[in-house]
Amino acid sequence: MSRFNRRQFLSITALGSLGAAVPSVFPARSLGLDGQIAPSNRLTMGGLGLGPRGTSDLGCFLANDDVHFVAIADCQKSRRNKIKDIVDKKYNNKDCITYRDMYELLDRKDIDIVLIATGDRWHTMASIEAAKAGKDIYCEKPCSLTIEESISLAETIDRYGRIYQAGTQRRSSGHFMAAIKMAQTGMLGELTAVHANTLAPETRQNWLPAQPEPDKDECDWDRWLGACPWRPFNQSYVNGGWRGFYDFHGGGILEWGSHTIDLCQLAHQSDNTVPVKYEPILKGKNNTMYGGVSWGDLIKLDTDEVVATYSDGVKLIMRSGGWNGCGTCSVRFEGTEGWVETGDSGRILTSSEKLPTTYKRLGGDTNLHVRNFLDCVKTRQTTRAHARAAAQSHIASHAAYIAWQLGKTLEYDPVKNEFLNDEAANRMRSRARREPWHI
C-alpha cells in the first residue's frame, strides 16, 4: 500500500472540514442516544405461520425495542393480513411485507431471526430451512413429530451454528425453576422419581369429509400439508382442528410432555440423554402402584400411563391423572427425603415445612423466555431451551408414545438412538414424507 505524505493528508482533512460530504449532525436514534436503539443493535425479524399462539409470542417480541419485525409468511391470507395489521399498527406505518411462501421470506438477507409458530407438522422442517438460510430461530413446541426429526433438528442447528430457543417457556418460570432447584441441589435427598403431567396419548387415523378447496391465495392447501400425506381439504383442519389426527400431531404425551417431560429432564440433569426403558401401563389392565416408586399420598392411577427409567434407576412417570391441583402442566419431583409438586397455577406443594414454598415471581414467562433468546442471539451464548435439550425431551416423549401404541415395554439406546431388538418400534422412529419434502 502507498503511504500518504503530510501534504496529501492535510489536503484530505481540509476537504472533510468543509462538511461538503459528511453531515455534522446525526439523528439521536442513529447513534443510540436519548434511550433510542441504534439500527446496528436492532434485530430484524420475520414470522412463519403465526396463529393464536404465534400472535401471543409476537406481542412479547414487539415489546422489545431492539426488535424490528418486517415480514410475515403464512399459507393463509387471513392470518398473514392479521399479523400485518398488528405490526403496522405497532410501528404506525404500512411496511410489514406479507408472503404466502416462506422461502421468499427466508431468502431475505436482512432478516436476522424468525419466529416459527406453524402447526406441529412444519416445526422441524421450517426450523431446518431457517437454519440453512442463516437465521436464528425461536420455534414453538412441540418441536418435532418423530425421533428422527428430533435428531435432525439438533444436528442441523449445531452444523449451521445457529441460536435456537424452543418455546418451552416454563424453563423461564420462577416456580418451576424453584422446584427444579430443589431436585438438583439435594434438598429432596437422592432423586428417585420425576412425574410429568401428560394428556391422553391416542390419536386418530380417519379423514374429515372433503370440502371444496379454496383459492391458493386464500389458503395454499398443498403448502399447508407440507410433508404430511395428502388428504382432501376441510376447513376444520386450518381452523386449528388438526390436533388429534396422527398425520399432523404427536399425541397427548408429546402435547404437554414437550413442557413437562422437558422440565423433568432438567430436574434430572439429563438434557443430553433420555431414559433407557419405557413401560406402558394401560387403563384397566394394571391399575396398581408402581413398585419401588414413592407416590407421596399413594395416588391410585385411573388413566393410561407410561413409566420410563433412566440408566441410574430414576423413574420418569408420565401420567394425566392423580395431580394435586397445582394447575395444568404439573410436575412432581421425589427424593429419599421429600417431594415437591407445582404447576401453571404457581402454587408449590412440598412434603415438609422445611422445604421452601415461596419464590420470586420474575414476571411473564414468555416475555422472559423471549428476552433470553434475544440476548443469546447477540452474545451467541446457549439459550435456556436449546435445540439439543428440546430434541432429548421430545425423543423421550416419542419413545413413550411408541411403547404405548405397541402396548409393550421397550428398551432404548440413547447413544445410537434406537430401540433394542424391536424392528417394529424402530420403524416408528420416523414417518414417510410426501414429495418433494425432505430433511
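Residues numbered from 1 in each chain as written. Predicted model: local features only at pLDDT ≥ 70, side-chain atom pairs only at ≥ 80, totals over all residues. Heavy atoms only, no water.

(A) Quick peek at the overall build of the chain. A count of helical and extended segments in the chain gives 14 helices and 15 strands. Expressed as a percentage of the 439 residues in the chain, the buried residues total 53%. For the chain, long-range pairs separated by at least 24 residues make up 69% of all intrachain contacts whose partners lie at least 6 apart in sequence. Of the accessible surface of the chain, which amounts to about 20,400 Å², a share of 49% is contributed by carbon and sulfur atoms. (Helix = DSSP H or I, 4+ residues; strand = E, 2+ residues; numbered from the N terminus. Buried < 20%, exposed > 50% of the residue type's maximum accessible area, 1.4 Å probe, protein only. Contact = heavy atoms within 4.5 Å. Areas by Shrake-Rupley, 256 points an atom, 1.4 Å probe, with all protein chains shown as cover.)

(B) View of the sheet that holds strand E3 (residues 97-99). Pairing within the open sheet is parallel, and its six strands lie in the order E3-E2-E1-E4-E5-E6. Whereas interior strands pair on both sides, the edge strands pair on one side only; in this sheet they are E3 and strand E6 (164-166). Strand-to-strand twist of the sheet, defined as the mean angle between neighbouring strand axes without regard to direction, takes the value 20°. When strand E4 (residues 113-116) meets strand E5 (residues 136-139), the two strands line up parallel, connected through four bridges. Paired with isoleucine 113 across the bridge in E5 is aspartate 136. (Pairing = 2+ DSSP bridges. Axes fitted to C-alpha atoms, helices over the stretch in contact; angles between N-to-C directions.)

(C) Quick look at the pattern of salt bridges. In total, this model carries 28 salt bridges according to the counting rule given. Two residues, aspartate 262 and arginine 171, come together in a salt bridge whose shortest N-O distance is 2.8 Å. One end of the pair, aspartate 262, is in helix H11 (residues 252-267); the other, arginine 171, is in the loop between E6 and helix H8 (174-184), with 91 residues separating them in the sequence. As far as burial versus exposure is concerned, aspartate 262 and arginine 171 are alike and both buried. Salt-bridge contacts for arginine 231 lead to aspartate 247; the nearest nitrogen and oxygen are separated by 2.8 Å. Here arginine 231, found in the loop between helix H9 (221-225) and helix H10 (235-241), pairs with aspartate 247, found in the loop between H10 and H11; they are 16 residues apart in sequence, far enough to count as distant. Relative accessible area serves as the criterion here: at 1%, arginine 231 is assigned to the buried category. You can call aspartate 247 buried: its relative accessible area is 17%. (Salt bridge = Lys/Arg side-chain N within 4 Å of Asp/Glu carboxyl O.)

(D) Region of interest: empty space enclosed by the protein. For the structure shown, the criterion picks out two cavities of 30 Å³ or more. Around the largest cavity, the lining residues are Leu145, Thr146, Ile147, Tyr246, Gly250, His398, Tyr401, Ile402, Gln405, Met428, Arg429 and Arg431. Here the lining of the largest cavity takes four residues from helix H13 (residues 387-406), the largest share from any one element. (1 Å grid on protein atoms, 1.4 Å probe; cavity = no way out; pocket = protein on both sides within 12 Å on 5 of 7 lines; lining within 4 Å. Points joined across faces, edges and corners; volume = space filled by probe spheres on them.)

(E) Region of interest: the layout of surface pockets. Taken as a whole, the largest pocket encloses approximately 780 Å³ of empty space. Every residue lining the largest pocket is counted, 39 residues in all, and those nearest its centre are Ala117, Thr118, Gly119, Trp242 and Arg243. At the level of elements, helix H3 (52-62), helix H4 (77-91), helix H6 (120-132), H9, H10 and H11 are the ones that each hand at least two residues to the lining of the largest pocket. Across the lining of the largest pocket, the residue classes break down as 14 nonpolar, 13 polar and twelve charged. Of the voids in this model, the second largest pocket is the one considered here, and its volume is about 310 Å³. Ala227, Asp247, Arg431, Ala432 and Arg433 are the residues nearest the centre of the second largest pocket, which is lined by 21 residues in total. Looking at the lining of the second largest pocket, the elements that each hand over two or more residues are H6 and helix H7 (147-160). (Nonpolar A, V, L, I, M, F, W, Y, C, P; charged D, E, K, R; others polar.)

(F) Expanded view of the packing of aromatic side chains. All chains considered together, the criterion is met by 15 aromatic pairs. Ring centres 6.0 Å apart and planes at 15° place the aromatic pair tryptophan 221 and tyrosine 237 in the stacked group. Taken together, the residues span a long stretch of sequence, with tryptophan 221 in helix H9 and tyrosine 237 in helix H10 at a distance of 16 residues. Since its relative accessible area comes to 1%, tryptophan 221 is described here as buried. (Phe/Tyr/Trp six-rings, centres within 6.5 Å; stacked < 30°, edge-to-face > 60°.)

(G) Region of interest: the packing of H11 against H13. Where H11 contacts H13, the axes come no closer than 9 Å and their chain directions differ by 125°. With respect to H13, the axis of H11 lies oblique. Like other packed secondary-structure pairs, H11 and H13 cross with a definite hand, here right-handed. Along the contact surface, H11 presents Ile253, Leu254, Gly257, Ser258, Ile261, Asp262 and Gln265, while H13 presents Ala389, Gln392, Ser393, His394, Ala396, Ser397, His398, Ala400 and Tyr401. Broken down by class, the residue content of the contact of H11 with H13 amounts to seven nonpolar, eight polar and one charged. (Parallel < 35°, antiparallel > 145°, perpendicular 65-115°, else oblique. Left-handed = near helix turned anticlockwise from the far one by under 90°.)

(H) Main features of the pairing of strand E11 (residues 331-335). Among the five residues that make up E11, five are buried, leaving the element largely enclosed by the rest of the structure. With burial as the criterion, each face of E11 is covered, one bearing Val331, Phe333 and Gly335 and the other bearing Arg332 and Glu334. Taken together, the five bridges between strand E7 (residues 191-197) and E11 define a ladder with antiparallel strand orientation. Directly across from alanine 196, in E11, lies its bridge partner valine 331. Examined bridge by bridge, E11 and strand E12 (residues 338-342) share five bridges and lie antiparallel to one another.

(I) How the structure looks around the side chain of asparagine 372. Note that asparagine 372 resides in helix H12 (residues 365-379). A relative accessible area of 13% places asparagine 372 in the buried class.

(J) Region of interest: H4. A rise of 1.5 Å per residue sets the reference length of H4, with its 15 residues, at 21 Å; its end C-alpha atoms lie 21 Å apart and thus fit the reference within 8%. For H4, the set of buried residues is Arg80, Ile83, Lys84, Val87 and Asp88. Mapping the buried residues of H4 onto a view down its axis gives an arc of 130°, with all of them on the same face. Seen from the buried face of H4, the exposed residues on the opposite side, beyond 90 degrees, are Ser78, Asp85 and Lys89. Buried positions along H4 lie against H3, strand E2 (67-73) and E3. Following H4 by one or two positions, asparagine 92 has its phi on the positive side, about 60°. (Expected span 1.5 Å × (residues − 1). Arc of directions from axis to C-beta.)

(K) Examining the side chain of glutamate 129 more closely. Along the chain, the position of glutamate 129 falls in helix H6. There is no salt bridge for the buried glutamate 129, and the closest opposite charge comes from lysine 132, which lies 4.3 Å off by N-O distance. Leave out the neighbours within four places in its chain, and glutamate 129 touches Met102, Tyr103 and Leu106. (Lys, Arg positive; Asp, Glu negative; His and termini not counted.)

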